[in-house]
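Residues per chain are reported as follows:
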Amino acid sequence: MTIDPTGFPALLQDFFQRRLIAERGVSAHTIASYRDTFELLLRYAARRSGRTPSALTLDDLDAPLVLDFLDHLETERGNSARTRNLRLTAIRSFMRHASLRDPTCLPIAQRVLAISPKRFDRPELDFLSRDEIDALLDAPDTSTWSGHRDATLFAVLYNSGARVSEATGLTNADVLLDRASALQLHGKGRKQRVVPLWKNTAAKLRAWRVHIDPAADAPVFPNRSGRPLSRSGVEHRLQVALETASQRCPSLAKRHVTPHTLRHSTAMHLLQSGVDVTVIALWLGHEDTATTHLYIEADLAMKEAALSRIDPHCGKRTRFKPPDRLLAFLEGL
């Protein structure tokens with residue numbers, strides 16, 4: 001059976017194989033995210049229509065169904081608004097591609113493209129104090145293989161401010177310990193950056209690499225089977241260390257700490273040490289320094305220091321009196 005080149009299955013395959021991989025060359029992480037989106041969407045649409053995913057048409061994926069699918073993600077799957085928006089981004093990207101490949105799809109695509117991302121309140125940045133970081137880094141039992149790995153991993157996460165995927169993706173070839181000590185991190189969108197290592201972090205890495213496969217493409221932080229440690233594995237080991245660290249630093253017992261908390265802590269401690277915000281943006285791999293400015297907004301101590309430099313105004317306050325009737329109307333709104 002031949003596949004209709006303008007049918008929905010062919011358009012979706014063309015979107016992944018030609019548009020995303022051949023033309024845009026997106027990363028494997030993006031491919032996986034878009035794939036997961038359409039697996040969820042197709043299963044949802046198949047249940048609604050009573051047909052198999054291969055039998056669906058683009059008419060089945062109209063704006064009302066997409067909106068219902070997005071609501072389903074939040075209400076039934078418990079996804080956050082951020083995740084909802086990421087799924088919508090993937091769907092909209094496909095609809096733009098479909099409308100260019102087959103102009104008859106334009107009416108449906110336009111209605112889906114008109115769906116706006118959902119606005120949401122950004123949570124406050126959570127970071128650890130220096131004492132809390134010290135307690136967490138000292139928590140793993142380095143007399144065991146897994147404890148030695150965890151201690152090195154947490155030191156690397158804090159030193160580099162790496163995302164958990166960047167740290168677990170490190171291979172021996174990415175670790176530079178000869179002349180200058182540094183890590184080569186592979187970030188979002190295949191962007192790479194080099195982050196310098198503190199002396200104690202470099203020493204921990206040298207001691208740890210003796211216990212792992214020395215091959216250039218071998219993972220720096222493997223699990224027991226030699227494969228790269230998974231995200232869930234890192235989160236689990238962090239919680240184990242957190243329980244131990246809480247005994248030394250009781251404030252950690254009430255904290256919700258994730259690998260990303262270490263990244264936030266790196267940025268905040270660099271900022272508090274006087275490092276320029278543009279350097280921190282390069283350190284973390286931020287494309288826009290506006291993202292890094294969030295750390296300035298989150299640091300109450302820096303705000304108080306800035307406020308202390310301003311002399312309080314003690315003059316008598318006067319109420320503004322509009323000089324015109326129309327201005328007075330606008331002022332009263």
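Above this text you will find the structure in question.
The model shown is predicted, which means the values in this text are computed figures rather than measured ones.

A. Representation of the overall build of the protein chain. For the protein chain, the helix and strand inventory stands at 15 helices and 3 strands. For the protein chain, buried positions account for 41% of its 333 residues. Taking the intrachain contacts of the protein chain between residues at least 6 apart in sequence as the baseline, contacts between residues at least 24 apart amount to 63%. Of the roughly 19,900 Å² of accessible surface on the protein chain, a fraction of 53% belongs to carbon and sulfur atoms.

B. Main features of the packing of helix H2 (residues 28-49) against helix H4 (residues 81-101). Two numbers describe how H2 lies on H4: the axes approach to 9 Å, and their chain directions differ by 90°. In this view, H2 runs roughly perpendicular relative to H4, as classed from their interaxial angle. Contact residues: H2 offers Ser-33, Tyr-34, Asp-36, Thr-37, Phe-38, Leu-40 and Leu-41, while H4 offers Arg-87, Thr-89, Ala-90, Ile-91, Ser-93 and Phe-94. Looking at the contact of H2 with H4, its residues break down into 7 nonpolar, 4 polar and 2 charged.

C. Fine view of H2. For H2, spanning 22 residues, the distance from its first C-alpha to its last is 31 Å, which sits close to the expected 32 Å at 1.5 Å a residue. Looking only at H2, the buried set comprises Ile-31, Tyr-34, Thr-37, Phe-38, Leu-40, Leu-41, Leu-42, Tyr-44, Ala-45 and Ala-46.

D. Just the nonpolar core, in detail. Ranked by internal contacts, the top residues of the largest apolar core, which has 44 residues, are Leu-136, Leu-153, Leu-183, Leu-205 and Phe-221. Looking at this core, the elements with two or more residues in it are helix H6 (130-137), helix H7 (145-160), helix H8 (164-168), strand S2 (182-186), helix H9 (199-209), helix H10 (231-248), helix H11 (259-272) and helix H12 (277-284). Once residues lying within four places of it in the same chain are set aside, the contact partners of Phe-221 are Arg-149, Thr-152, Leu-153, Val-156, Ala-167, Leu-170, Leu-205, Trp-208, Arg-227, Pro-228 and Leu-229. Within the second largest apolar cluster, 34 residues are counted, among which are Phe-15, Phe-16, Leu-58 and Ala-90.

E. Geometry of the sheet that holds S2. On the basis of which strands lie adjacent, the open sheet formed by 3 strands has the order S1-S2-S3 and antiparallel pairing. Single-partner strands in this sheet number two, and they are strand S1 (175-176) and strand S3 (192-196). Bridge analysis of S2 against S3 gives 5 bridges, and the strand direction is antiparallel. If you follow Gln-184 over to S3, its bridge partner there is Val-194.

F. Local environment of the packing of aromatic side chains. Enumeration according to the criterion identifies 10 aromatic pairs in this entry. With centroids separated by 5.5 Å and ring planes inclined at 75°, the aromatic side chains of Phe-15 and Phe-94 adopt a geometry described as edge-to-face. Taken as a pair, Phe-15 in helix H1 (residues 8-23) and Phe-94 in helix H4 lie far apart in primary sequence, 79 residues in all. We classify Phe-94 as buried; its relative accessible area is 0%. Taken together through their ring pairs, the aromatic side chains of Phe-8, Phe-15, Phe-16, Tyr-34, Phe-38 and Phe-94 make up a single cluster.

G. A look at the environment of Leu-56. With respect to the helices and strands, Leu-56 occurs in the loop between H2 and helix H3 (63-75). Note: C-alpha distance between Leu-56 and Ala-46 (10 residues apart in sequence) is 7.4 Å. In this structure, Leu-56 is in contact with Phe-8, Pro-9, Leu-42, Ala-45, Ala-46, Ser-49 and Arg-51, ignoring residues within four places of it in sequence.

H. Broad picture of the pattern of salt bridges. Applying the stated criterion to the full structure yields 16 salt bridges. For Arg-84, the salt bridge goes to Glu-74, with nearest N and O atoms at 3.4 Å. Within this pair, whereas Arg-84 is found in helix H4, its partner Glu-74 is found in helix H3, the two being separated by 10 residues in sequence. Judged on exposure class, the residue Arg-84 and its partner Glu-74 are both buried. The residue Arg-248 makes a salt bridge to Asp-138 at a minimum N-O spacing of 2.9 Å. Linking Arg-248 in helix H10 with Asp-138 in the loop between H6 and H7, this pair joins segments that are 110 residues apart in sequence. For Arg-248, a relative accessible area of 52% translates into the label exposed.

I. Quick look at the side chain of Arg-84. On the basis of relative accessibility, which here comes to 7%, the residue Arg-84 falls in the buried class. Beyond its immediate stretch of four places on either side in the chain, Arg-84 contacts Leu-70, Glu-74, Ser-116, Pro-117 and Lys-118.

J. Structural context of the side chain of Asn-172. Mapped onto the secondary structure, Asn-172 falls in the loop between H8 and S1. Within the local environment of Asn-172, its side chain forms a polar contact with the backbone oxygen of Asp-213, the two atoms lying 2.7 Å apart. Among the polar contacts listed, one links the side chain of Asn-172 to the backbone oxygen of Ala-215, at a separation of 2.7 Å. Aside from chain neighbours lying at most four places away, what touches Asn-172 is Arg-209, Ile-212, Asp-213, Pro-214, Ala-215, Ala-216, Ala-218 and Val-220.

K. Summary view of helix H5 (residues 106-113). Along H5, the residues that are buried comprise Ile-108, Ala-109 and Val-112. Angularly, the buried residues of H5 cover 95° about the axis, an arc narrow enough to put them on a single face. Residues of H5 that are buried make contact with H3 and H4.

Definitions and cut-offs
- Residues numbered from 1 in each chain as written.
- Predicted model: local features only at pLDDT ≥ 70, side-chain atom pairs only at ≥ 80, totals over all residues.
- Heavy atoms only, no water.
- Helix = DSSP H or I, 4+ residues; strand = E, 2+ residues; numbered from the N terminus.
- Buried < 20%, exposed > 50% of the residue type's maximum accessible area, 1.4 Å probe, protein only.
- Contact = heavy atoms within 4.5 Å.
- Areas by Shrake-Rupley, 256 points an atom, 1.4 Å probe, with all protein chains shown as cover.
- Axes fitted to C-alpha atoms, helices over the stretch in contact; angles between N-to-C directions.
- Parallel < 35°, antiparallel > 145°, perpendicular 65-115°, else oblique.
- Nonpolar A, V, L, I, M, F, W, Y, C, P; charged D, E, K, R; others polar.
- Expected span 1.5 Å × (residues − 1).
- Core = buried A, V, L, I, M, F, W, Y, C linked by side-chain atoms within 4.5 Å.
- Pairing = 2+ DSSP bridges.
- Phe/Tyr/Trp six-rings, centres within 6.5 Å; stacked < 30°, edge-to-face > 60°.
- Salt bridge = Lys/Arg side-chain N within 4 Å of Asp/Glu carboxyl O.
- Polar contact = N/O pair within 3.5 Å; in protein donor to acceptor, adjacent residues only side chain to side chain.
- Arc of directions from axis to C-beta.

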